[in-house]
Amino acid sequence: MRAFAARRLGVHPDEIGIERKDGAGVAITAPMPLFASVAGRGGWTALALSEHPIGLDVETRPTDTPLPLDLLHPHERDHLLALDDVTRNLTFLRFWAAREAYVKATGAGLPARLSRIEARDDGDGQGALLLEDGVVCACACLTITDDYVVAVVEIGGPD
């Protein structure tokens, strides 16, 4: 992370200050404050830096494990159960990655607000809308490959 931030900021890695935040991951503290999020799964590690709170998640696909549908918002569960198995698995991973990225960006920690957060398709398959108590509060940008689903949520950043 130090080398990545130094490269982005055009400074020597020794000039980068990093601080662990309770419940909110890590932050770059010097030479300027930046929010950071790190996620890894399998052979992938992803890192995101932003001037705004940011969350990142990486999920492996396909999954052979049973989907933990009981952890989802009831609307998500209903939507997923109406899909065929292949579509259900990918949609679950899209929604799950978006939700994890959102809770990382808000610093709330995963269990804190899990039952109140709902993910919905954004209409073009490249993102997911995040709703909390029925109100859209963020949008996750998704990258989907044959092996991974990556979600990034930036709170208060550019649209």
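Only a predicted model underlies this, so the values are computations on that prediction, with no experimental measurement involved.

Caption draft 1: How the structure looks around the environment of Val153. Within the fold, Val153 resides in strand E9 (residues 148-154). The contacts of Val153, once residues within four sequence positions are left out, are Pro53, Ile54, Gly55, Ala98, Ala101, Tyr102, Ala105, Leu130, Ala138, Cys139 and Ala140.

Caption draft 2: Looking closely at the pattern of salt bridges. What the rule picks out here adds up to five salt bridges. Two residues, Asp85 and Arg88, come together in a salt bridge whose shortest N-O distance is 2.7 Å. Pair noted here: Asp85 and Arg88 are both in helix H3 (residues 85-106), with a separation of three residues, about one helical turn. With relative accessibility at 53%, the residue Asp85 sits in the exposed group. On the basis of relative accessibility, which here comes to 16%, the residue Arg88 falls in the buried class. With a closest N to O distance of 2.4 Å, Asp121 and Arg94 form a salt bridge. You can see Asp121 sitting in strand E6 (residues 117-121) and its partner Arg94 sitting in helix H3, a full 27 residues away along the chain. Accessibility expressed as a relative area gives 34% for Asp121, which makes it partly exposed.

Definitions and cut-offs
Residues numbered from 1 in each chain as written. Predicted model: local features only at pLDDT ≥ 70, side-chain atom pairs only at ≥ 80, totals over all residues. Heavy atoms only, no water. Helix = DSSP H or I, 4+ residues; strand = E, 2+ residues; numbered from the N terminus. Contact = heavy atoms within 4.5 Å. Salt bridge = Lys/Arg side-chain N within 4 Å of Asp/Glu carboxyl O. Buried < 20%, exposed > 50% of the residue type's maximum accessible area, 1.4 Å probe, protein only.

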